[in-house]
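# Coordinates in review
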Amino acid sequence: MSGPSFASTNDLAEKTISFTQLGEGLYAFTAEGDPNTGVIIGDDSVMIIDAQATPVMARKVIEMIRTVTDKPIKYVVLSHYHAVRVLGASAYGASEIIASEKCRSMIHERGQEDWDSEYGRFPRLFQAADSIPGLTWPTVTFTNRMTVYLGRRRVDLMFLGRAHTAGDIVAWVPDSGVMFSGDIVEYHSACYCGDAHFNDWSGTLDAIGSLSPLALSPGRGDALVGKSMVADALALTRDFVLSTYRPVAAVAARGGSLKDAWNACREACDPKFSTYAIYEHCLPFNVARAYDEALGIDTPRIWTAERDRQMWAALQQN
């Protein structure tokens, strides 16, 4: 049986890489809507925020880091469990891999399934997939907050609430007012909501906004420099999340089908977001998860190739 034809399957164009300075010793590695990586340079070492999908892809980040510092990479921080964020971690040779305890439990629960599903949906994001040694396992975890010192530079790793997944964390550098948000915040890129908690997401965005970041590296999209650009990204992300959930929830409340929810979501979202990176790829997963949450399913169901096919079949019904 052939698999569903997701929009991302045919997305094969190479993206242009940027390496943008957010503050002193703080950088965002971005690639036109592909997954971003953050770089924090301290007095004695370097911290990575999100590792890329494969070790070969991570080496592109390392090449950029070596243009600005020769300090050793000591820490890799995982903002959440998704394969495109974590499977390249081995390339950095870091002594510690840090994540929330919830992230680690999600790797145990659904990490292999996510890897298999993401690779099938979006093969371009897994360049040299055979270089991946296996699942990435955090060596240090925490529940709500952890502080790491890179010499005198302080980095606060914080769980601010559920959003893109149940285990999202941010990295906050208070000496510069710079945040690395993972996929809690996107900029002119669709939010992937297949593991989301829609009703919590806005509150988590509020928690980020309360810190008044001067710059922010989102999960996807351009680096955000300046309070106005950060505020714009927070507002756009909130609008995307609410515009996805509300029409789907209304359909679910009246007993409508998943296909009805899909049509309602497209009517609300296409005019505003159809030009966003990975919009078409994310849409079926976003609708399916929003429909489940509206029906009271709090824990997102695990995505597998079989579930992908079942969802696709439901969306093709007349």
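Whatever comes next refers back to the structure up there.
Our subject in this report is the structure included herewith. (Residues numbered from 1 in each chain as written. Predicted model: local features only at pLDDT ≥ 70, side-chain atom pairs only at ≥ 80, totals over all residues. Heavy atoms only, no water.)

The subject of this paragraph is the packing of aromatic side chains. Tallied over the full model, the rule gives eight aromatic pairs. Aromatic side chains phenylalanine 240 and phenylalanine 273 sit 4.9 Å apart centroid to centroid with 55° between the ring planes, which places their arrangement in the tilted category. Of this pair, phenylalanine 240 sits in helix α5 (residues 227-253) while phenylalanine 273 is found in helix α6 (residues 258-273), placing the two residues 33 residues apart along the sequence. With respect to class, phenylalanine 240 is no different from phenylalanine 273; both count as buried. Within the aromatic cluster, the residues linked to one another by ring pairs are Tyr192, Phe285 and Trp303. Just above the ring of phenylalanine 285 sits the side chain of arginine 121; from NZ or CZ to the centre is 3.9 Å. The ring of tryptophan 303 is capped by arginine 307, whose NZ or CZ atom sits 3.6 Å from the centre of that ring. (Phe/Tyr/Trp six-rings, centres within 6.5 Å; stacked < 30°, edge-to-face > 60°. Helix = DSSP H or I, 4+ residues; strand = E, 2+ residues; numbered from the N terminus. Buried < 20%, exposed > 50% of the residue type's maximum accessible area, 1.4 Å probe, protein only. Lys NZ or Arg CZ within 6 Å of the ring centre and 35° of its normal.)

Looking at the element boundaries, tryptophan 303 is found in the loop between α7 (279-294) and α8 (305-316). Sequence-wise, tryptophan 303 and tryptophan 115 are 188 residues apart; in three dimensions their C-alpha atoms are separated by 9.7 Å. One polar contact links the side chain of tryptophan 303 to the main-chain carbonyl oxygen of glycine 194, over a distance of 3.0 Å. (Polar contact = N/O pair within 3.5 Å; in protein donor to acceptor, adjacent residues only side chain to side chain.)

The subject of this paragraph is the sheet that holds strand β7 (residues 140-142). Taken together, seven strands build an open sheet; the order of strands is β1-β2-β3-β4-β5-β6-β7 and the sheet is mixed. A single partner strand is all that each edge strand has here, and the edge strands are β1 (18-23) and β7. On average, adjacent strands in this sheet sit at an angle of 20° to one another, irrespective of strand direction. By the bridge criterion, five bridges tie strand β2 (residues 26-31) to strand β3 (residues 34-41) in an arrangement that is antiparallel. (Pairing = 2+ DSSP bridges. Axes fitted to C-alpha atoms, helices over the stretch in contact; angles between N-to-C directions.)

Mapped onto the elements, aspartate 195 comes out in the loop between β11 (178-182) and α4 (198-210). For aspartate 195, a relative accessible area of 2% puts it in the buried group. Here the side chain of aspartate 195 touches tyrosine 81 through a polar contact of 2.8 Å, side chain to side chain.

Val39, Tyr92, Phe126 and Trp201 are the most contacted members of the largest nonpolar core, which has 85 residues in total. No other element matches α5, which puts 11 residues into this core. In this view, tyrosine 92 contacts Thr37, Ile48, Asp50, Ala51, Gln52, Ala58, Val61, Ile62, Ile73 and Val76; residues no more than four positions away in its chain are not counted. Core analysis: the next-biggest nonpolar cluster, separate from the first, contains 21 residues, Met47, Val77, Ile98 and Phe142 among them. (Core = buried A, V, L, I, M, F, W, Y, C linked by side-chain atoms within 4.5 Å. Contact = heavy atoms within 4.5 Å.)

Function cannot be read off these values alone, since they describe shape.
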